[in-house]
Structures are given as C-alpha cells and as structure tokens.
Amino acid sequence: MRSRIDVKKILYALPHSRTLRELARNAGVSHTAVRRLLKELSTQGVFRVITDDSFWGLTRVIVLDQEGRVPRHVPPGTTGLRTLISEQGSGTLIMSYIPKRLVDKYMETLREEVDVSEWFTSKEYIAWLPNPELEAVTPKDFEKLVDRSAEYVPPRTRARPLSMPDEYDLILLWGKLLYGPFTRPSDIFSKIRGIKLPSKQVLSYHYRAHFQPGWRYTTFFKFASSDDIPFIMYYLKGSDAERVARALALLPLLGMSLIGEKQALYMGQPLCGYHPLFLEIPQTYNVEAPYGIFYMKLDLYTDVPRLWEMLDRDKKEWKWPEHKIPIKLQEKT
C-alpha cells in the first residue's frame, strides 16, 4: 500500500528548490513522490518562478488610469490589463515587463492610448511563499510581519547583473515564467518556431550562468474562486510603502507586491478577515492609499512578453518594436 506523504513537506521545501530532484532532496522524499504530488497540486494551483528582474536589466511598469478607460491598443511588453472597481468608481491597471532602457518609450507609446493617473517602475518583486509561520499570520501579527518580512524572503543573488542578456537568456526566462519552474530548458526551445536549439553545452552554460542567478525563489499559488475570495489591488505611496507592501505580499495564501521608490502595488486574494487591515494601514504607517481597495476583474489581457524580440542582435542592444497589441483580439475571461 502506498504511504501518504504530507503535501506541506513538499511545499515548505519549494522556495529553495530549482529542480524536481532538488525538491525531493530538500523535502526528504522520493523523486517519484514529488512528481506525483506536483501533478496533484497542479490541479489546485500554479507553481511560479519569482525573479530578480534587475539581474537582466528588466523592470515592471505599473500604470493606473483612475478614469477606467480601456485602451484599444497597448505597447509591446504589456503583461496585464485589468479593470478595477471601487466605491470611488472604476479604474484600469496596466502592467508591463520590459528593459529599463525602454521605459520612456513604453510610456510615450502608452500615453497615446490612455491618460495616466499614477505610474512607477519596480525595483523588487515579492510574492507569498510557503512557510509554516506565514500560514499562521493573522491581522494582529501584521506589525511584526512588517519588521520581519526580510527574514522570510530568500535574498537576491550576489552575482553581477548581466551587461546585456542575449536571445537564449530571454527565451529561458520566458519559458520558466510561462510554463513553470520545472520545465526543462530544452523543452522551452521546442515550443518556439524559428529558434534553433543550442548545443547541450551552450544551453547548460546560459541556464547556469545567465538564468539561475536571476531566479530568486519558487512558490505555489493555490487557486481560489474570485466569487468566494475577491482579487484586490491596493496602491501605496509614501516613505513606508516599500516595507508595508513587502509584508502584504506575505499574507496567506496568494499575493504579490511590485515595489518601486516610495511607491508599491499589492495584488492578491487575502481572506476577508484581513480587509479591515487595509483600512488601518494609512493610519498606522507613513503611507497613503489614495484609491483604497480596488476589486480586480480577471479580464482582458494577459501575456508573458517575448523579450528577445526587443533585441537588436547585431548591435547587441535593446530596440523598441513599433507594433502595438490590439486588445480586442486578446480578450480572455
């Protein structure tokens, strides 16, 4: 009779694991058991790679249109377009994942389509991660979590950032973000037409030296119906915005924060018992939450951009694609 392995044992080993074998070793279970349990968990949620974007010279751009206008087109690199609802009215959230050097061009192109109310670029991306202490966090523990959040999140790599990533690096990044942390590098290349699979030695080098240092940790987001637990967005600005947003991202069981310079955006599905906490935060910390809690519709557009299409291979520099993405052709529900 096959013994039942505690799923939590697998999840708690997940943040520091990069491969299935590494996960099995860290959890102290067999490779076969890990494969079986991950297949089971994949029906309940999704595994994610959490990146240190600065390693590749990338950033995430967060844009809010308070008037709730939905653009007909968005610039290349856009990863998400969401409509928002609050007591103050509707809004639109636009997110992108692009090279830092192309931020000005991205914003110039976006402003042709929408009026920008607020925007910033991220310097850090934090998401919830499996940890027994974090699962037990209650609203009354939040103040301690703000002070201790750095203890829970794996540190950034000490490797020197790449001066310029190449096509192979960006394809590996795209594949891991789209297909999950345990997708084999060679399988990623097999999913792209017109790109020749590099030799085993070349692929191994790029994966080890040019991708893994930007892989900060691994996590698991468990699905919850938005009918039962609303997906919310919370925008902060002020001197405490960074540390408050970092702590918010660690609330159980699904959340993430994009953190800029004295600005941050939290998105997640905290249990309704946490919602009063969001009303208290501006009274407790040196931050403003000018829009309060927005409820987010999981609609319109999502994508993982093919960043290698922004490379000029001959000049070895970033280039701006001139096309735009038509939203009406990309709707998802």
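### Considering the overall build of the protein chain
- When helices and strands are tallied, the protein chain shows eleven helices and 15 strands.
- Compactness check: the protein chain gives a C-alpha radius of gyration of 20 Å against a globular reference of 20 Å for 333 residues, within 12% of the reference.
- Looking at the protein chain residue by residue over its 333 residues, the buried ones come to 54%.
- The contacts in the protein chain between residues at least 6 apart in sequence include a share of 75% that link residues at least 24 apart.
- Here the protein chain displays about 16,500 Å² of accessible surface, and carbon together with sulfur accounts for 48% of that area.

### Quick look at the sheet that holds strand β9 (residues 232-237)
- What the nine strands build is an open sheet, ordered β6-β2-β5-β4-β12-β9-β11-β10-β7; its pairing is antiparallel. Where the open sheet ends on each side, the last strands, each with one partner, are β6 (118-121) and β7 (124-127). The mean inter-strand angle of the sheet, taken between neighbouring strand axes irrespective of direction, is 25 degrees.
- Looking at chain direction, β9 and strand β12 (residues 293-302) are connected through three bridges and run antiparallel. Directly across from I232, in β12, lies its bridge partner Y295.

### Observations regarding helix α11 (residues 275-284)
- Buried within α11 we find H275, L277, F278 and I281. Projected onto a plane normal to the axis of α11, the buried residues spread over an arc of 145 degrees and lie on a single side. Facing away from the buried side of α11 by more than 90 degrees, the exposed set consists of L279, Q283 and T284.
- On its buried face, α11 sits against α6 (142-152), β9, α10 (241-249), β11 (263-268) and β12.

### Overview of the side chain of S122
- For S122, the location among the structural elements is in the loop between β6 and β7.
- Not counting residues within four places of it along the chain, the set of residues in contact with S122 comprises T59, R60, I62, L258, I259 and G260.

### A few points about the pattern of salt bridges
- The tally for this structure, following the rule as stated, stands at 18 salt bridges.
- A salt bridge links R60 to D53, with the shortest nitrogen-to-oxygen separation between them at 2.7 Å. Exposure class is identical for R60 and D53. Each is buried.
- R243 is paired through a salt bridge with D147; the nearest N and O atoms lie 3.4 Å apart. Taken together, the positions of R243 in helix α10 and D147 in helix α6 put the pair 96 residues apart, joining distant regions of the chain.
- Note on R243: relative accessible area 31%, which makes it partly exposed.
- The exposure class assigned to D147 is exposed, which follows from its relative accessible area of 56%.
- Beyond isolated ion pairs, a larger network of salt bridges with shared partners links D65, R69 and D115.

Conventions adopted
- Residues numbered from 1 in each chain as written.
- Predicted model: local features only at pLDDT ≥ 70, side-chain atom pairs only at ≥ 80, totals over all residues.
- Heavy atoms only, no water.
- Helix = DSSP H or I, 4+ residues; strand = E, 2+ residues; numbered from the N terminus.
- Rg over C-alpha atoms; globule rule 2.2 N^0.38 Å.
- Buried < 20%, exposed > 50% of the residue type's maximum accessible area, 1.4 Å probe, protein only.
- Contact = heavy atoms within 4.5 Å.
- Areas by Shrake-Rupley, 256 points an atom, 1.4 Å probe, with all protein chains shown as cover.
- Pairing = 2+ DSSP bridges.
- Axes fitted to C-alpha atoms, helices over the stretch in contact; angles between N-to-C directions.
- Arc of directions from axis to C-beta.
- Salt bridge = Lys/Arg side-chain N within 4 Å of Asp/Glu carboxyl O.

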